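A closer look at the structure
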Amino acid sequence: MEFRQLQYALQIAAERNFSRAAEKLHIAQPSLSQQLSKLEKELGVLLFQRNTSSVELTHAGAKFVEQAQIIIDAVELLRQEMSDISELRSGRVVVGSMPITGAHLLPHVLPIFKQSYPEIEIALLEDSSMNLEKLTAGGQTDLSLLSLPLEVPALAYEVLGEERIDLAVPADHPLAARSKDGIRTSLEELKNEPFIVLKEGQGFRKLTIELCREAGFEPKIVFESNNMETVQSLVATGMGVTLVPHFIARAPRSEFVPVYLPLAEPVPSRTLVFAYRRGRYLSKAAEAFMKTFRTTVAALTDEEV
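Predicted, not measured: the structure shown is a model, and the values here were computed from it.

Rules and cut-offs
- Residues numbered from 1 in each chain as written.
- Predicted model: local features only at pLDDT ≥ 70, side-chain atom pairs only at ≥ 80, totals over all residues.
- Heavy atoms only, no water.
- Helix = DSSP H or I, 4+ residues; strand = E, 2+ residues; numbered from the N terminus.
- Buried < 20%, exposed > 50% of the residue type's maximum accessible area, 1.4 Å probe, protein only.
- Contact = heavy atoms within 4.5 Å.
- Areas by Shrake-Rupley, 256 points an atom, 1.4 Å probe, with all protein chains shown as cover.
- Lys, Arg positive; Asp, Glu negative; His and termini not counted.
- Charge placed at Lys NZ, Arg CZ, Asp CG, Glu CD.
- Core = buried A, V, L, I, M, F, W, Y, C linked by side-chain atoms within 4.5 Å.
- 1 Å grid on protein atoms, 1.4 Å probe; cavity = no way out; pocket = protein on both sides within 12 Å on 5 of 7 lines; lining within 4 Å.
- Points joined across faces, edges and corners; volume = space filled by probe spheres on them.
- Nonpolar A, V, L, I, M, F, W, Y, C, P; charged D, E, K, R; others polar.
- Patch = residues over 30% accessible without salt bridge, like charges linked within 9 Å, V, L, I, M, F, W, Y side chains within 5 Å.
- Salt bridge = Lys/Arg side-chain N within 4 Å of Asp/Glu carboxyl O.
- Pairing = 2+ DSSP bridges.
- Right-handed = clockwise from strand over helix to strand, strands pointing away.

Describing the overall build of the protein chain
Per the secondary structure count, the protein chain includes 11 helices and 11 strands. Considering only C-alpha atoms, the protein chain reaches an extent of 75 × 50 × 30 Å along its principal axes. Counting over 305 residues, the protein chain shows a buried share of 45%. The contacts in the protein chain between residues at least 6 apart in sequence include a share of 73% that link residues at least 24 apart. Carbon and sulfur atoms make up 54% of the accessible area of the protein chain, which amounts to about 15700 Å² in all. With 32 positive and 40 negative side-chain charges, the protein chain shows a separation of 4 Å between the mean positions of the two kinds.

So, the nonpolar core
The biggest cluster of nonpolar side chains holds 29 residues, and the ones touching the most others in it are Leu 167, Leu 187, Leu 190, Phe 195, Phe 204, Met 228 and Leu 243. Counting only elements with at least two residues in this core, the list comes to strand 6 (155-169), helix 7 (174-179), strand 7 (194-198), helix 8 (203-214), helix 9 (228-236), strand 9 (242-245) and helix 10 (246-249). Beyond its immediate sequence surroundings of up to four residues, Phe 195 is in contact with Leu 190, Thr 208, Cys 212, Phe 217, Pro 219, Lys 220, Ile 221, Val 222, Phe 223, Val 241 and Thr 242. Val 95, Phe 113, Ala 156 and Leu 272 belong to the second-largest nonpolar core, a separate cluster that totals 24 residues.

Here's the deal with the layout of surface pockets
Volume-wise, the largest pocket comes out at about 870 Å³. Taken together, 26 residues line the largest pocket, and the ones lying closest to its centre are Gln 11, Ile 72, Gly 138, Gly 139 and Gln 140. Those elements giving two or more residues to the lining of the largest pocket turn out to be helix 1 (3-15), helix 2 (18-25), helix 4 (59-85) and strand 3 (91-97). It is helix 4 that provides the largest number of residues to the lining of the largest pocket, a total of eight residues. Class assignment of the residues belonging to the lining of the largest pocket gives a composition of 10 nonpolar, nine polar and seven charged. If you add up the space inside the second largest pocket, you get close to 330 Å³. As for the second largest pocket, its lining consists of 13 residues, of which Ala 14, Lys 134, Leu 135, Gly 138 and Gln 140 are closest to the centre. By residue number, the principal contributor to the lining of the second largest pocket is helix 6 (residues 129-137), which donates four residues. Partitioned by chemical class, the residues of the lining of the second largest pocket number four nonpolar, four polar and five charged.

What to know about a nonpolar patch on the surface
A surface patch of nonpolar side chains, amounting to about 230 Å² of accessible area, comprises Met 1, Leu 43 and Val 45. Residue placement: Met 1 occurs in the segment before helix 1.

Focus: helix 6
Turning to helix 6, its buried residues are Ser 129, Leu 132, Glu 133, Leu 135, Thr 136 and Ala 137. On the buried face of helix 6, the contacting elements are strand 3, strand 4 (120-126), strand 5 (143-147), strand 6, helix 8 and strand 11 (269-277). Following helix 6 by one or two positions, Gly 139 adopts a phi angle in the positive range, close to 80°.

What to know about the pairing of strand 7
Counting buried residues in strand 7 gives four out of five residues, a clear majority hidden from the surface. Sheet analysis places strand 7 next to strand 8 (residues 220-225), joined by five bridges and oriented parallel. Within strand 8, the position partnered with Val 197 by the bridge is Glu 224. Taken together, strand 7, helix 8 and strand 8 constitute a β-α-β crossover, and its handedness is right-handed.

Here it is in structure tokens:
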């Protein structure tokens, strides 16, 4: 049994598809099939049930994948510990990020980290929060920038901080005029407003709906988008209102800019975290990245005070 065969089996289990697994592994599909057949012959069991439409784990396959993940994690632990002995002179951290949040925070963090740790490589993996949780639980990222609550039980996390949630409205909206007099809007007052939100699979969509429900109403969703920039532009043109994370609201734009209003007490917020596979060893490089991220974002917040 070869170590690479363990990796192959895990990738096939994750993709449930030989061609996608081969693509991710950067090998030819016939070679992947050949290696799996060789492994199954050596073990004397069938690991995957193949048919024309899908690839499914057998009972033996599920047990094999579970133990293979433990072995690969142990090898990664050894590799990371040896890397740490070199006192952060080199290393690699795979960071998962929600595209919207990462686009507004990582440009502040990455240059500072690179200046402090020039020999450490940061690889970014961007995806929806739902997919990132699965990828992180599968060990495909060292850390992932997410917000609570997490849905996958296999994840542990470290809190980075709280981020205020703001209200975005069109410039000619009555609530924008009222805010000039120092009057803040409560979430309850938005029950009759048309909402523009992110599509399913985005964590902030779920948070927006939950906040509205906690305020006693179901939001009237009139438009959905995969992109927060599109959501905000539609608000700016008068199509509705939305909730926006504060770090996104503070970013400069050139056109189609809504008015951002702080909400009344209790001000809603979301908790940003770095999530990682429970029990996974966090390298010194990963810990250094979390520390840099936390202090940089804290400094951004202090600038507004």
